[in-house]
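Examining the three-dimensional arrangement
Listed below, chain by chain, are the residues.
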Amino acid sequence: MVWEGGRLAFERLQQRLARRRGAGAAAAARTWPAHLVVFDVVRLAGADLTS
């Protein structure tokens, strides 16, 4: 995801992905750095899911 103004901005990620090669891709990566966002559920409805 791409952060913009303290929020996730999916539309900025789409703009970045549109520029996949060359100088345009490098400029997009500098302008809109992407981050991997991972969620892990360790408890659900009181049940431990860590096993």
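Rules and cut-offs
For every chain, the first residue of the written sequence is number 1, and numbering continues from 1 along that sequence. For this predicted model, a pLDDT threshold of at least 70 governs which residues receive local features, and a threshold of 80 or more governs which side-chain atom pairs are given and counted, while totals over whole chains, interfaces and linings are taken from all residues. Values shown for side chains rest on all heavy atoms present in the structure; no hydrogens or waters enter the calculation. The way it works is that DSSP assigns letters per residue, a run of H or I at least four long becomes a helix, a run of E at least two long becomes a strand, and they are numbered from the N terminus. Radius of gyration here uses only the C-alpha atoms, and the compact-globule reference equals 2.2 Å multiplied by the residue count raised to the power 0.38. Only protein chains enter the calculation, and the probe is 1.4 Å; a residue is then buried if its accessible area is under 20% of its type maximum, exposed if over 50%, and partly exposed in between. Here a residue-residue contact requires only that any non-hydrogen atoms of the pair lie within 4.5 Å. Here the Shrake-Rupley method, with its probe set to 1.4 Å, supplies the accessible areas, and only the displayed protein chains count as covering residues. For the charge count, each Lys or Arg is scored as positive and each Asp or Glu as negative, with His and the chain ends excluded. Here the site of a charge means NZ on Lys, CZ on Arg, CG on Asp, or CD on Glu.

Of regular secondary structure, the protein possesses 2 helices and 4 strands. Taken from the N to the C terminus, the helices and strands of the protein come in the order β-β-α-α-β-β. Expected size for 51 residues packed as a compact globule is a radius of gyration near 10 Å; at 16 Å, the protein overshoots this value by more than 25%. For the protein, with 51 residues in total, the buried portion stands at 12%. Excluding contacts between residues fewer than 6 apart, the proportion of contacts in the protein whose partners are at least 24 apart in sequence is 26%. Here the protein displays about 4400 Å² of accessible surface, and carbon together with sulfur accounts for 56% of that area. With 8 positive and 4 negative side-chain charges, the protein shows a separation of 14 Å between the mean positions of the two kinds.

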